[in-house]
Amino acid sequence: MRKTIGQDLLKKADFLSNYLDYKIVIRNGEKYFYIWFDYGCEGQDCVYTGTVSECNNYLNAMIRKNHLKDEWVEENR
């Protein structure tokens with residue numbers, strides 16, 4: 001099993017942003033990760049996700065919730 005790195009998180013965030021109506025940005029604090037949801041004129045939300053692994057799990061859950069798993073797999077063959 002391959003270890004998840006920050007670039008993987010950015011790739012997932014960009015993938016989700018392409019399919020959803022808002023921009024997802026990964027921010028790396030001093031030790032922890034945050035996910036910013038930029039809704040344009042409607043504002044922003046931020047989710048504290050903690051470690052790289054927790055951030056990855058959150059993004060994976062978003063992919064499943066939005067029924068994008070097949071698209072994600074196909075894009076990353």
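In the block above lies the structure referred to throughout.
How each quantity is defined
Residues numbered from 1 in each chain as written. Predicted model: local features only at pLDDT ≥ 70, side-chain atom pairs only at ≥ 80, totals over all residues. Heavy atoms only, no water. Phe/Tyr/Trp six-rings, centres within 6.5 Å; stacked < 30°, edge-to-face > 60°. Helix = DSSP H or I, 4+ residues; strand = E, 2+ residues; numbered from the N terminus. Expected span 1.5 Å × (residues − 1). Buried < 20%, exposed > 50% of the residue type's maximum accessible area, 1.4 Å probe, protein only. Contact = heavy atoms within 4.5 Å. Polar contact = N/O pair within 3.5 Å; in protein donor to acceptor, adjacent residues only side chain to side chain. Salt bridge = Lys/Arg side-chain N within 4 Å of Asp/Glu carboxyl O.

Trainee: Give me the packing of aromatic side chains: which residues, what numbers.
Mentor: With the rule as written, the count across this model stands at six aromatic pairs. An aromatic cluster of at least three residues, connected via ring pairs, comprises Phe15, Tyr19 and Trp72.

Trainee: Got a sec to walk through helix H1 (residues 6-19)? Specific residues and values, please.
Mentor: With 14 residues, H1 extends 21 Å between its outermost C-alpha atoms, agreeing within 8% with the 20 Å of an ideal straight helix rising 1.5 Å per residue. Listing the buried residues of H1 in full gives Asp8, Leu9, Lys12, Ala13, Phe15, Leu16 and Ser17. Where H1 is buried, its residues meet strand E1 (23-28), strand E2 (33-38), helix H2 (52-65) and helix H3 (69-75).

Trainee: Go over the environment of Ser17 with me, naming the residues and quoting the values.
Mentor: As for its placement among the helices and strands, Ser17 is situated in helix H1. Each C-alpha atom, one on Ser17 and one on Trp36, is 11 Å from the other, the two residues being 19 residues apart in sequence. Excluding residues within four positions of it along the chain, Ser17 makes contact with Tyr22, Lys23 and Ile24. Here the side chain of Ser17 touches Ile24 through a polar contact of 2.8 Å, landing on its backbone nitrogen.

Trainee: Let's hear about the pattern of salt bridges: which residues, and what values?
Mentor: Under the definition given, this model contains two salt bridges. Among the ionic pairs, Asp14 bridges to Lys23, the shortest N-O distance being 3.5 Å. Given the relative accessible area of 39%, Lys23 is considered partly exposed. We note a salt bridge from Glu74 to Arg77, for which the minimum N-O separation is 3.6 Å.

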